[in-house]
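Each chain, written out:
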Amino acid sequence: MHSSSTSGSRLCLNSFFRNLPIKALVLSTALIPFSINASKTNQYNAVVNSSKLTVVAVSNPSIVFKDGKYKHGFGYDLAHDYAESLNAKLEFKTVPDNATALKMVAQGKANFAITTASMQSIEAKSLSSFSASCGDFNSLKKNGLNTDLNWVFKQADDPLTATASGFICQSKQNGSLQQLASFYNRNVVKQDDWNVIQRDLKSRLPIYKASFKQSAQKYGIDWHLLAAIGYQESYLKPDSVSPTGVRGLMMLTNSTAKEMGVNNRNDPAQSIQGGAKYYDMMLTRYSYIRNPDRHWYALVAYNMGPGAVEGIQKRIKAQGKDPNDWMNLYNYLTRHQTSNGRYKQAVQYVTRIRAYLEHIKTTPKLLEI
């Protein structure tokens, strides 16, 4: 997921600071002044010279999820956007606990860590940290994200520390941080509903597991993702039918079913195979978009149709923005959802599937199915 504020070229520190508003560089913790021209080897130079940014974190709902072949999450996406602003490739490592993450930063095995570690434990290792939201705790809190997220660096006076803080505060100022928090909203499904969802998945997932796995393997898709789509479409009920005529476990239209070689939409195995094939077609259609963004585009296209997505992309491009940036598409849908019911449905569709997928991945009883 790209940030619209980042450029594709390598960052020049002097122009970076000259172009940033002064308050964007105010750090959440006091940093020791540093010299840009410091001759000593620093993390910033190491990242720029190697074109690689190594970040370490504990897997948690506010930071990162690993779904099959790719990762996503509020903390992960923010780190990816920062890496992109440095024209560096992100190498994101997950570790069992915050202590391990802090140790890796202290030993120079990671450029920085995203943690929920206490300030006491950070200071005990003489490390430097600042808020991962530039102090915008409200945006994190209202979306159910952990307000104690910090980016932790080895040295306060390293240019990497200052550019990272400046990047986060710039993301806060231009609204991209709030958009990201909104997409990763942990409250998209009401707490009371999770009991029903858990019960549904435990009773229905085992019945269709073989079909999901077989179709997922055929198209190289994570079967839990297919199951999450199926649950959003029909609650995993093969006899489902909508007023508009879509039917079956994966809720295929008659024309899509025929195109996918499905003769009987009410047959769960055929429906799952057809849904997987169609979703794979959408992934192929957006193969020019990087992961995990490609999956979000494919899901919106599965819901609205690729023609509708293409129309929005053209309008985004006409606004001078990148039409292949998920945050731009998501922002367009959310801004117009009150006037367009299809947009509102698409936002709910993709965010709920993400939530179901994350729930399955983090619930041992469901993973054991």
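Predicted, not measured: the structure shown is a model, and the values here were computed from it.

Chemist: Explain the state of the cysteines to me, please; I cannot follow it from the model alone.
Modeler: Disulfides are covalent bonds that connect the sulfur atoms of two cysteines. Counted under the stated rule, the structure contains 1 disulfide. The residue that forms a disulfide with Cys134 is Cys169, at a sulfur-sulfur distance of 2.0 Å. In this structure, the disulfide formed by Cys134 and Cys169 twists by about 95° around the S-S bond and is classed as right-handed. In this pair, Cys134 sits in the loop between strand E6 (128-131) and helix H6 (137-142) while Cys169 sits in helix H7 (residues 159-174), placing the two residues 35 residues apart along the sequence. As far as burial versus exposure is concerned, Cys134 and Cys169 are alike and both buried.

Chemist: In this structure, what is going on with the environment of Arg335? I would like to understand it.
Modeler: Structurally, Arg335 can be placed in helix H15 (residues 326-335). Assessed through its relative accessible area of 43%, Arg335 is described here as partly exposed. Not counting residues up to four positions away in its chain, the partners in contact with Arg335 are Gln319 and Lys321.

Chemist: Explain the confidence of the model for the chain to me, please; I cannot follow it from the model alone.
Modeler: Low-pLDDT portions of the prediction should not be read for the details of their coordinates. Of all residues in the chain, 89% have pLDDT values of 70 or greater, and the mean over the chain is 89. Throughout residues 1-39 the model reports pLDDT below 50, and contacts reaching past four residues in sequence, or to other chains, amount to 90 contacts.

So, how was this worked out
- Residues numbered from 1 in each chain as written.
- Predicted model: local features only at pLDDT ≥ 70, side-chain atom pairs only at ≥ 80, totals over all residues.
- Heavy atoms only, no water.
- Disulfide = S-S within 2.5 Å.
- Helix = DSSP H or I, 4+ residues; strand = E, 2+ residues; numbered from the N terminus.
- Buried < 20%, exposed > 50% of the residue type's maximum accessible area, 1.4 Å probe, protein only.
- Contact = heavy atoms within 4.5 Å.
- pLDDT = per-residue confidence, 0-100.

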